[in-house]
Amino acid sequence: MVDLPYRATDRINLSCAEILIADSNREGMSILTQMFAGFGVHTPHCCSSAAEAMEVVKKRDLNILVIDTALPDMSGYDFVRELRRSRIKPNCFVPVLLMSGHTPRSMVLEGRDCGANFVMAKPVNAAVMLKRIMWLATESRDFITSTDYVGPDRRFQRLGPPPGQNGRRKDDLSATVGLAKGPDLSQSEINQLFKPSKVNL
Amino acid sequence: MTDSRNIKVKNRLGELMRQPGGRSAIEALRGAEKRLDKISDDLLRGLDRCIARMETAAGQLTDPPDDKPVTEIYRASNDMIAFAGLVGFNSLDEVAHGLCELIDTFRAENQWSDQAIRVHIDAVQLLRGLSKDDNEARERVLDGLRKVWSLFSVRQPLPTPEAAG
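Bear in mind the structure is a predicted one, so any value in this text is a computation, not a measurement. (Residues numbered from 1 in each chain as written. Chains lettered and ligands numbered in written order. Predicted model: local features only at pLDDT ≥ 70, side-chain atom pairs only at ≥ 80, totals over all residues. Heavy atoms only, no water.)

J.: Provide a residue-level description of the overall build of chain A, including the pertinent values.
T.: Assigned secondary structure in chain A consists of six helices and eight strands. Helices and strands appear in chain A in the N-to-C order β-β-α-β-α-β-α-β-α-β-α-β-β-α. The 201 residues of chain A split such that 48% are buried. Considering only intrachain contacts with a sequence separation of at least 6, the fraction spanning at least 24 residues in chain A is 60%. When the accessible surface of chain A is summed, it comes to about 11,300 Å², and 53% of that surface belongs to carbon and sulfur atoms. (Helix = DSSP H or I, 4+ residues; strand = E, 2+ residues; numbered from the N terminus. Buried < 20%, exposed > 50% of the residue type's maximum accessible area, 1.4 Å probe, protein only. Contact = heavy atoms within 4.5 Å. Areas by Shrake-Rupley, 256 points an atom, 1.4 Å probe, with all protein chains shown as cover.)

If you want it as structure tokens, here you go:
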């Protein structure tokens, strides 16, 4: 059994979910539609091209997009970029899973930088897909809009800007620690900050 | 500093999934796996279609290379990766990954060997016809391809996770 980030008895309700799947490969599409049907999705929107997918984006309020990177009329990366900049609300903010068979590092980075929430390597089994959907359902990353990038915040950890570089955001703090201001704290004041619990030695 | 803006977005998916009703995670998982089992014959036919596409394109390979058949072989390999492992052909998944990497390497470094491409397609045909229990023959084929990957400094695909396939 695959290690899941939830209990087997946790309930999920995808019966009203509007899922869009864009994949030009017949078998790839079949795998995803069967998988989502098993998860309880009633009628996924199945598209074999970026143009078809964009038509659905304009008409329906979607909950998840699953996009193959190799669409016949446009790459999945360009489709996601266009979606994120489309200002079609709420779909421009919708979670996007990008899928690809061959996933060299350059393609994964492009997937992250085009505004996808996650890049998944094929083949994807049901447990991995469910795990990813559960993760999307708990996602709380801000959405970033800038001249170079529109999509979920690419920073998963708050590590500040790289050493020697100025931050690009207004709330980025400097990596350099300034001179101390005020007197040193006593141990009891430090203890108050950390609230240490009693330890029996 | 670039002019970026942070927007708090409501997680509509999370809200929807927490609605009463639905099914347990384990029921959802079992439901999906059951449905995937039912399409395994279709997937095997799809696998054969991918191999046929590769063979047709391999017949059009030239030296120096024409991009059209090379792209078709790359696409067929990429499609094969999506489901070969799901129907027990993990070795085909490994070969398809290796073939995509090889084509990427050729394109990036301006190298070419139509023989190196053809040997992958021969291997795919051979592995498709092998009995699932014939681990020894399968390993011999994969070992041969690993030498080709090494010769062209191709990033080695991860070994197949299961013995069978």
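Additional details are given in the paragraphs that follow.
J.: Please provide a residue-by-residue account of the environment of G144(B), values included.
T.: Relative to the helices and strands, G144(B) is located in helix 7 (residues 135-151). Along the primary structure G144(B) and L99(B) are separated by 45 residues, whereas in three dimensions their C-alpha atoms are 13 Å apart.

J.: Talk me through the sheet that holds strand 4 (residues 64-68) of chain A; I want residue IDs and the actual numbers.
T.: Residue and element names in this part refer to chain A. Strands sit in the order 3-2-4-5-6 across an open sheet of five strands; the sheet is parallel. Two strands bound the open sheet, and with one partner strand each, they are strand 3 (45-47) and strand 6 (118-121). Between one strand axis and the next, the sheet turns through 20 degrees on average, direction left out of account. Bridging between strand 5 (residues 96-100) and strand 6 involves four bridges; their strand directions are parallel. Bridge pairing links L97 to F118 in strand 6. Strand contacts of helix 2 (residues 50-59): strand 2 (19-22), strand 3 and strand 4, with the helix running at about 150 degrees to strand 3, the strand carrying the most contacts. (Pairing = 2+ DSSP bridges. Axes fitted to C-alpha atoms, helices over the stretch in contact; angles between N-to-C directions.)

J.: How would you sum up the interface of chain A and chain B? Please name residues and give values.
T.: In this complex, chain A contributes 63 residues to the contact, which on the side of chain B involves 50 residues. Taken as a group, N13(A), E27(A) and H102(A) account for 14% of the area that chain A buries against chain B, more than any other trio of residues on that side. Summed over the shared surface of chain A and chain B, the result is two salt bridges. Measuring nitrogen to oxygen at the nearest pair gives 2.8 Å for the salt bridge that ties D142(A) to K8(B). Viewed at the interface, chain B and chain A are joined by 24 residue pairs in polar contact (both at pLDDT 80 or more). At the level of elements, strand 1 (11-12), helix 1 (26-39), helix 5 (126-137) and strand 7 (143-145) of chain A are the ones that each hand at least two residues to the side of chain A that touches chain B. Looking at the side of chain A that touches chain B residue by residue, the classes come out as 31 nonpolar, 19 polar and 13 charged. (Buried area = accessible area lost by both parts, 1.4 Å probe. Salt bridge = Lys/Arg side-chain N within 4 Å of Asp/Glu carboxyl O. Polar contact = N/O pair within 3.5 Å; in protein donor to acceptor, adjacent residues only side chain to side chain. Nonpolar A, V, L, I, M, F, W, Y, C, P; charged D, E, K, R; others polar.)

J.: So, a nonpolar patch on the surface: which residues are in play, and what are the values?
T.: On the surface, L185(A), I190(A), L193(A) and F194(A) cluster together into a nonpolar patch covering about 430 Å² of accessible area. Relative to the helices and strands, L185(A) is located in the loop between strand 8 (150-152) and helix 6 (187-194). (Patch = residues over 30% accessible without salt bridge, like charges linked within 9 Å, V, L, I, M, F, W, Y side chains within 5 Å.)

J.: Tell me about the pattern of salt bridges, and please be specific about residues and values.
T.: Counted under the stated rule, the structure contains 22 salt bridges over all chains. One network of salt bridges, in which partners are shared, links E94(B), E139(B), D143(B) and R146(B).

J.: How would you summarise the side chain of D142(A) if you had to cite specific residues and measurements?
T.: Relative to the helices and strands, D142(A) resides in the loop between helix 5 and strand 7. Reaching out from D142(A), the side chain makes a polar contact with the side chain of N6(B) at a distance of 3.2 Å. Only 2.8 Å separates the side chain of D142(A) from the side chain of K8(B), close enough to count as a polar contact.

J.: Which residues make up the pairing of strand 5 of chain A, and what values do they have?
T.: Residue and element names in this part refer to chain A. Buried residues dominate strand 5, accounting for five of its five residues. Of the two faces of strand 5, the one carrying V96, L98 and S100 and the one carrying L97 and M99 are both buried. One ladder, built from four bridges, connects strand 4 with strand 5; its direction is parallel. Counted as the bridge partner of D68 is M99 from strand 5. In this view, the connection linking strand 4 to its parallel neighbour strand 5 by way of helix 3 (residues 76-84) has right-handed handedness. This β-α-β element, strand 5 to helix 4 (residues 105-114) to strand 6, shows right-handed connectivity. (Right-handed = clockwise from strand over helix to strand, strands pointing away.)

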